[in-house]
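Here are the chains, one letter per residue:
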Amino acid sequence: RRICSAAEARLIHHPAQVFAVNESIGREMAERYSIKMPKVLLNAIDPPVDFDPTHKYDLLQEKLGLSKDRRILLFQGGFAPNRNLENLIAAFSKVTTPDIDLVMMGFGPFGDTLRAIASKHSLLDKRVFFLPAVPQSELLHHSASADMGIIPYPHVDLNSYYCTPNKLFEFMQAGLPILANQSPELDRFVVRQGFGAAYPMSSSIDIAFAIDNCFSKVDIDKFRKQLLSKRHQFSWAEQAKTYIAEVQNIIKMSKSG
């Protein structure tokens, strides 16, 4: 970390343009290194050409043999420590809404620890289910099979506090409503855009409360409608316009200089 931080501090004054993946990180970079505000370039994706966000996919239900009257909360991505996944699984021993299941679709050796936690709480293959990661070309079809996606990342450092992880934009393009831990950037996208809800998630009790509240008291369909109407704004096709414009400006400046 020391080597990388020193290199960044030394080199960041030389580029013609600095990009940041979100506004909070850009502001932190500007203040830390006394540079102009970096241009924000979201880590967005384009959906596969065959993906239809208005279609109800049932891939998760089919793979797990779940009844279609069960509602699914989905976590997708890497299984690793410091992601609040232990509390997420333990929360399902406290969730009182009876028709919700948690699907953990991902990869990594920490999955064994998470399975053990689910087993300890008598949740494994009852209310908590595991599936392996799928290729990116199939990911959104699986995401759209859920009722809500969760981003529970804890605030262990500035990187996690300011995070806008891949799954945020994957959920958006899948048209999947989002339940997130409260943080500046997740609030910016999830709450302010009307794509979902954010709650404090410092414990399994907090997470259980958030899940129960979302699935029993909140109009999730309202989030889905907002996603369907706005998701194109957060695609790579739109972000590419920003990138191309900045590169063209740099080329013009270099020619004129």
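Predicted, not measured: the structure shown is a model, and the values here were computed from it.

J.: I'd love a proper account of the overall build of the protein chain, names of residues and values included.
T.: Within the protein chain one finds twelve helices and eight strands. For 257 residues, the compact-globule estimate of 2.2 N^0.38 gives 18 Å, and the C-alpha radius of gyration of the protein chain, at 20 Å, lies within 12% of that figure. By principal-axis analysis of the C-alpha atoms, the protein chain measures approximately 65 × 40 × 30 Å. Split into buried and exposed, the 257 residues of the protein chain put 49% on the buried side. In the protein chain, the proportion of contacts linking residues at least 24 apart, taken out of those at least 6 apart, comes to 70%. As displayed, the protein chain offers around 12,900 Å² of accessible surface, 54% of which is attributable to carbon and sulfur atoms. Computing the positive centroid from 30 side-chain charges and the negative centroid from 27, the protein chain places the two 4 Å apart.

J.: Could you give me a rundown of the side chain of Q76, with the residues and numbers involved?
T.: Structurally, the position occupied by Q76 is in strand β3 (residues 71-78). Within the local environment of Q76, its side chain forms a polar contact with the side chain of S143, the two groups lying 2.6 Å apart.

J.: Go over the pattern of salt bridges, please, and point to the residues and values.
T.: Under the defined criterion, the tally for this structure stands at eleven salt bridges. The salt bridge involving E185 is made with R188; its shortest N-O contact spans 3.0 Å. With E185 and R188 both in helix α9 (residues 184-191) and three residues apart, the pair spans about one turn of that helix. R188 matches E185 in its accessibility class, with the two residues each being buried. Where salt bridges share partners, they join E23, R27, E185 and R188 into one cluster.

J.: Help me get a handle on unusual backbone geometry, residues and values and all.
T.: In the Ramachandran plot, S34 falls in the positive-phi region, its phi being about 55 degrees despite a non-glycine side chain. By the secondary structure assignment, S34 is in the loop between α2 (23-33) and β2 (39-40). Positive phi is not limited to glycine here, since N84 has a value of about 70 degrees. Along the polypeptide, N84 turns up in the loop between β3 and α4 (85-91). For N84, a relative accessible area of 7% gives the class buried.

J.: An account of the packing of aromatic side chains is needed here, citing residue identities and associated values.
T.: Going through the model one piece at a time under the given rule, you end up with ten aromatic pairs. Relative to F209, the ring of Y199 lies with its centre 6.2 Å away and its plane at 80 degrees, an arrangement referred to as edge-to-face. In this pair, Y199 is assigned in strand β8 (residues 196-199) and F209 in helix α10 (residues 204-217), connecting sequence segments ten residues apart. Clustering of aromatic rings is evident, with ring pairs tying together F75, F79, F130 and Y153.

J.: I'd like to hear about the state of the cysteines, residue by residue, with values.
T.: If you walk through the whole model with that rule in mind, you get zero disulfides. Here C214 is not disulfide-linked; the sulfur of C163 is the nearest cysteine sulfur, at 17 Å.

J.: An account of the pairing of β8 is requested, with residue identities and associated values reported.
T.: Of the two faces of β8, both are covered, the one formed by G196 and A198 as well as the one formed by A197 and Y199. Handedness of the crossover joining strand β7 (residues 178-181) and β8 through α9: right-handed.

J.: Please give an account of the nonpolar core that cites residues and values.
T.: If you look at the biggest cluster of nonpolar residues, it comprises 68 residues, and the most contacted ones within it are L73, L88, M104 and I211. Looking at this core element by element, the count peaks at six residues for α10. Those residues in contact with I211, other than ones at most four positions away along the chain, are L73, L88, F92, V95, I100 and L179. Membership of the second largest hydrophobic core comes to nine residues, among which are A20, A30, I35 and Y162.

J.: Requested: an account of the sheet that holds strand β4 (residues 100-107), with residues and values cited.
T.: A sheet is described by the order of its strands in space; here six strands give the open sequence β5-β4-β3-β6-β7-β8, paired in parallel fashion. Of all the strands in the sheet, just β5 (128-132) and β8 have a single pairing partner and so form its edges. Taken over all neighbouring pairs, the strand axes of this sheet differ in orientation by 25 degrees on average, direction set aside. Bridging between β3 and β4 involves eight bridges; their strand directions are parallel. Bridging from a neighbouring strand, F75 pairs with M104 of β4. In this fold helix α5 (residues 110-120) packs onto β4 and β5, with an angle of close to 160 degrees to the strand it touches most, β5.

Parameters at a glance
- Residues numbered from 1 in each chain as written.
- Predicted model: local features only at pLDDT ≥ 70, side-chain atom pairs only at ≥ 80, totals over all residues.
- Heavy atoms only, no water.
- Helix = DSSP H or I, 4+ residues; strand = E, 2+ residues; numbered from the N terminus.
- Rg over C-alpha atoms; globule rule 2.2 N^0.38 Å.
- Buried < 20%, exposed > 50% of the residue type's maximum accessible area, 1.4 Å probe, protein only.
- Contact = heavy atoms within 4.5 Å.
- Areas by Shrake-Rupley, 256 points an atom, 1.4 Å probe, with all protein chains shown as cover.
- Lys, Arg positive; Asp, Glu negative; His and termini not counted.
- Charge placed at Lys NZ, Arg CZ, Asp CG, Glu CD.
- Polar contact = N/O pair within 3.5 Å; in protein donor to acceptor, adjacent residues only side chain to side chain.
- Salt bridge = Lys/Arg side-chain N within 4 Å of Asp/Glu carboxyl O.
- Phe/Tyr/Trp six-rings, centres within 6.5 Å; stacked < 30°, edge-to-face > 60°.
- Disulfide = S-S within 2.5 Å.
- Right-handed = clockwise from strand over helix to strand, strands pointing away.
- Core = buried A, V, L, I, M, F, W, Y, C linked by side-chain atoms within 4.5 Å.
- Pairing = 2+ DSSP bridges.
- Axes fitted to C-alpha atoms, helices over the stretch in contact; angles between N-to-C directions.

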